[in-house]
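A closer look at the structure
The chain contents come next:
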Amino acid sequence: MFSFSVAFDPKQGIGINGRLPWHIKEELQLFKRNTLYKNILMGQTTYDSLPRKLVDRNIFVVSWEEGYQPEGVVVIKDLIQFLETHKDDKEEYIICGGASIYRQAYPYCKKAYVSFIKDEYKVDTHLDCFSINDWKIVEKVDYDKFVYCLLERKEDGTN
Ligand SMILES: NC(=O)c1ccc[n+]([C@@H]2O[C@H](COP(=O)([O-])OP(=O)(O)OC[C@H]3O[C@@H](n4cnc5c(N)ncnc54)[C@H](OP(=O)(O)O)[C@@H]3O)[C@@H](O)[C@H]2O)c1
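Residues numbered from 1 in each chain as written. Predicted model: local features only at pLDDT ≥ 70, side-chain atom pairs only at ≥ 80, totals over all residues.

1. Let's talk about the overall build of the chain
When helices and strands are tallied, the chain shows 4 helices and 10 strands. Along the chain direction, N to C, the helices and strands of the chain fall in the order β-β-α-β-α-β-β-α-β-α-β-β-β-β. Over its C-alpha atoms the chain spans a radius of gyration of 15 Å, differing by no more than 12% from the 15 Å that the globule rule assigns to 159 residues. Counting only C-alpha atoms and orienting by the principal axes, one finds that the chain spans roughly 40 × 35 × 25 Å. Per-residue burial for the chain yields a buried fraction of 31% across its 159 residues. (Helix = DSSP H or I, 4+ residues; strand = E, 2+ residues; numbered from the N terminus. Rg over C-alpha atoms; globule rule 2.2 N^0.38 Å. Buried ≥ 20, exposed ≤ 12 C-beta atoms within 10 Å, placed from the backbone.)

Encoded structure:
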């Protein structure tokens, strides 16, 4: 089963210069809580931009660069094949970006951990595949700088 975890601003901005546009401690803590001891999957750009190693998670990194093999991660060369192979697994795989990986994995995701950042930031990367109409809200928590929602995909296509 695939889920995704993302934080985006009011214009669906998610990144700038290969990094997050904001530094919001509570949001990072939430990311940790939601991903700990789970499988997480991200693109090479996102993985390489992490300020420190993510511990206590199985990390899958999507890259087609020959010889790219950071220590302690599983490198995925063919993302679509991986998505097709694991889509019916009981085990959860959380897609953690960036934009190109969200785009390819979005149709496979049944659940989403989304932080709606309240302020607008300067960005160069957007989450262009997401529509709130695809989802129902299961849980909603209002924080100072963002609203966190746990979402489940609508199966019947209603809005
Ligand atoms: N706000 C958030 O929640 C959040 C979360 C994660 C990341 N981000 C931000 O998003 C930005 C990075 O996004 P991004 O789209 O530039 O990078 P990305 O998705 O992290 O990684 C892109 C890399 O993966 C490769 N790739 C993409 N699809 C592939 C496939 N099917 N098979 C093999 N390799 C594949 C790309 O190669 P090619 O270029 O050759 O296609 C490229 O090297 C950063 O600013 C980051 O901070 C934000």
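There's more to say after this.
2. A word on the sheet that holds strand β1 (residues 2-8)
Spatially, the 8 strands line up as an open sheet ordered β5-β4-β3-β6-β1-β7-β10-β9, and their pairing is mixed. The open sheet terminates on both sides in strands that have one partner only, identified here as β5 (73-76) and β9 (135-142). Between one strand axis and the next, the sheet turns through 25° on average, direction left out of account. Strand direction decides the pairing type here: strand β4 (residues 58-62) and β5, joined by 4 bridges, are parallel. Within the sheet, the bridge partner assigned to V62 lies in β5 and is I76. (Pairing = 2+ DSSP bridges. Axes fitted to C-alpha atoms, helices over the stretch in contact; angles between N-to-C directions.)

3. Notes on the site of the ligand
Taken together, 26 residues lie around the ligand, and G15, G43, T46, G97 and G98 are the ones closest in. Every element with two or more residues in the shell around the ligand is listed here: β1, β2 (13-15), β3 (39-43), α2 (44-49) and α4 (99-105). Taken together, the residues of the shell around the ligand break down into 12 nonpolar, 13 polar and 1 charged. (Near = placed C-beta within 6 Å. Nonpolar A, V, L, I, M, F, W, Y, C, P; charged D, E, K, R; others polar.)

4. Re the pairing of strand β10 (residues 146-153)
Pairing geometry for strand β7 (residues 109-117) and β10, over 7 bridges, is antiparallel. Bridging across to β10, F116 finds its partner in V147. Counting the residues that bridge the hairpin from β9 to β10 gives 3 residues.

5. Section: unusual backbone geometry
Cis rather than trans, the peptide bond between G97 and G98 has omega equal to -5°. In this structure, Q12 is a non-glycine residue whose phi angle is positive, near 65°. Here Q12 is to be found in the loop between β1 and β2. Given 18 C-beta atoms within 10 Å, Q12 falls into the partly exposed group. For D56, which is not a glycine, the phi torsion comes out positive at approximately 55°. Here D56 shows up in the loop between α2 and β4.

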